[in-house]
Amino acid sequence: AASPAEPIIPGKDYHSYADTNAFRVRHLDLDLSASFDDRRLSGVADLTVTRVSPDASALVLDTRDLVIRQAWWLRGPGDLVPLRHTLGARDPLLGSPLTLNLTPEMSGAEFSVRISYQTRPEASGLQWVPATLTADKTHPFMFTQSQAIHARSWIPLQDTPQVRHTFTAAVRVPAGMRAVMGAESPGNPLELATDGIYRFTMPQPIPSYLIALGIGKLEFRATGPRTGVYAEPSVVEAAAWEFAETEQMIQVSEKLFGGYRWGRYDLLILPPSFPFGGMENPRLSFITPTVIAGDRSLTSLIAHELAHSWSGNLVTNATWRDLWLNEGFTVYLQGRIMEAVYGERRNAMEETLDLAILRDELATHPARDQIL
């Protein structure tokens with residue numbers, strides 16, 4: 001981070017090692033296997049990179065606590081050229097820069113590299129939940145939380161919201177379990193993959209913090225033509241009833257903000273240990289089970305995560321110093337959705353409760369934490 005004596009440069013991401021003025025990742029291909037015994041993801045990441053500076057000779061990526069096994073230049077189909085790579089000193093917050101030294105032949109406007117790697121059990125962006133802490137207590141569960149700078153703990157990449165890229169993924173999971181991602185999937189959501197491999201495609205470019213993966217004993221219930229819920233078997237029916245108005249929320253939102261551009265909007269109900277209310281991963285919001293109240297009284301959370309499909313997911317803060325741009329506009333959009341679906345009185349109650357919470361926080365926070 002910049003020292004207090006240095007002026008803050010607008011637009012500079014102080015939370016990433018990546019030099020986006022030299023290179024930008026355009027596309028990511030993941031091939032990963034999940035081991036619950038070892039609490040690790042293992043596999044390869046292929047990065048398609050666009051050159052910004054003609055003189056740049058080293059590609060710097062963000063990592064945190066990754067085991068980097070090897071790196072190659074993908075010169076052509078099946079033609080892998082080893083690349084010299086170095087992993088820099090570890091910063092407790094930012095992790096370690098991974099530097100790939102490019103060969104003189106890699107001087108074109110675009111190239112691809114492959115990185116073979118493995119996560120560590122302590123990866124900050126991966127939560128490995130034992131079966132005893134799930135709803136059904138029959139299978140373990142794993143979910144990611146990439147926001148704000150945790151994607152680098154399970155994928156080597158340019159972990160900054162300034163870089164958007166598409167991706168594909170193949171994820172291998174244990175028998176009887178399902179993998180879901182914030183992406184398109186060609187499989188039938190009512191059936192498990194017989195080979196244990198789940199494949200995904202994300203055609204819309206997204207920043208790294210919105211890459212999301214969940215693995216567990218999951219079932220699916222549709223709640224509309226483009227909406228549904230994934231949850232453990234004992235939870236899925238209650239979740240489908242609780243969030244049955246999601247399609248109506250999308251229709252209202254489109255009238256207010258413009259067309260919904262992400263295809264489907266599904267929900268993944270996580271184990272009770274999920275540390276947030278929700279996470280706005282495109283196409284698949286992660287939701288805490290604590291909002292399944294049985295009377296649809298806490299659906300403002302769904303309105304909030306859905307609103308991020310416009311504010312945050314389409315237009316994103318350039319640096320994490322300006323996270324308020326994502327969340328502030330989203331809270332406003334959330335209110336407009338709630339007002340349109342449930343009426344002015346319900347929305348006024350929601351805003352009154354939020355104001356009371358804000359006043360409590362301002363009364364207990366030091367001045368420097370009250371700025372936003």
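Model, not experiment: these values are computed from the prediction. (Residues numbered from 1 in each chain as written. Predicted model: local features only at pLDDT ≥ 70, side-chain atom pairs only at ≥ 80, totals over all residues. Heavy atoms only, no water.)

## Observations concerning the overall build of the chain
Part 1 of the reasoning: Looking only at helices and strands, the chain features 5 helices and 19 strands.
Part 2 of the reasoning: Its C-alpha atoms give the chain a radius of gyration of 21 Å, near enough to 21 Å, the size a compact globule of 372 residues would have.
Part 3 of the reasoning: Taken over the C-alpha atoms alone, the chain extends approximately 65 × 55 × 40 Å along its principal axes.
Part 4 of the reasoning: Here the chain holds 372 residues, and the buried ones make up 51% of them.
Part 5 of the reasoning: Considering only residue pairs separated by 6 or more positions, the chain has 69% of its internal contacts joining residues 24 or more positions apart.
Part 6 of the reasoning: Element-wise, carbon and sulfur atoms account for 55% of the exposed surface of the chain, whose accessible area totals about 16700 Å². (Helix = DSSP H or I, 4+ residues; strand = E, 2+ residues; numbered from the N terminus. Rg over C-alpha atoms; globule rule 2.2 N^0.38 Å. Buried < 20%, exposed > 50% of the residue type's maximum accessible area, 1.4 Å probe, protein only. Contact = heavy atoms within 4.5 Å. Areas by Shrake-Rupley, 256 points an atom, 1.4 Å probe, with all protein chains shown as cover.)

## With respect to the pattern of salt bridges
Should their charged atoms come close, side chains of opposite charge can pair.
Part 1 of the reasoning: On inspection of all chains with the given rule, the structure shows 18 salt bridges.
Part 2 of the reasoning: The partner of arginine 283 in a salt bridge is glutamate 184, with the nearest N and O atoms 3.9 Å apart. Here the residue arginine 283 occupies a position in the loop between β18 (278–279) and β19 (284–287), and glutamate 184 occupies one in the loop between β12 (178–181) and β13 (197–207), the gap between them amounting to 99 residues.
Part 3 of the reasoning: Assessed through its relative accessible area of 35%, glutamate 184 is described here as partly exposed.
Part 4 of the reasoning: Glutamate 339 is the partner of arginine 336 in a salt bridge, and the nearest nitrogen-oxygen pair spans 3.4 Å. Placement of both arginine 336 and glutamate 339 in helix α4 (residues 323–342) is noted, with a separation of 3 residues, approximately one turn of the helix.
Part 5 of the reasoning: Overall, the relative accessible area of 29% leaves glutamate 339 in the partly exposed class.
Part 6 of the reasoning: Residues joined in a network through salt bridges with shared partners are Asp62, Arg152 and Asp159. (Salt bridge = Lys/Arg side-chain N within 4 Å of Asp/Glu carboxyl O.)

## Quick look at the sheet that holds strand β8 (residues 110–118)
Part 1 of the reasoning: Sheet architecture is open: 7 strands sit in the order β5-β4-β8-β2-β1-β11-β13, paired in mixed fashion. Looking along the sheet, the strands with just one partner apiece sit at the ends: β5 (79–82) and β13. In this sheet, neighbouring strand axes are inclined to one another by 20° on average, regardless of whether the strands run parallel or antiparallel.
Part 2 of the reasoning: As defined by bridge partners, strand β4 (residues 67–76) adjoins β5 across 4 bridges and the pair is classed as antiparallel. Across the sheet, leucine 74 pairs through a bridge with leucine 80, a residue of β5. (Pairing = 2+ DSSP bridges. Axes fitted to C-alpha atoms, helices over the stretch in contact; angles between N-to-C directions.)

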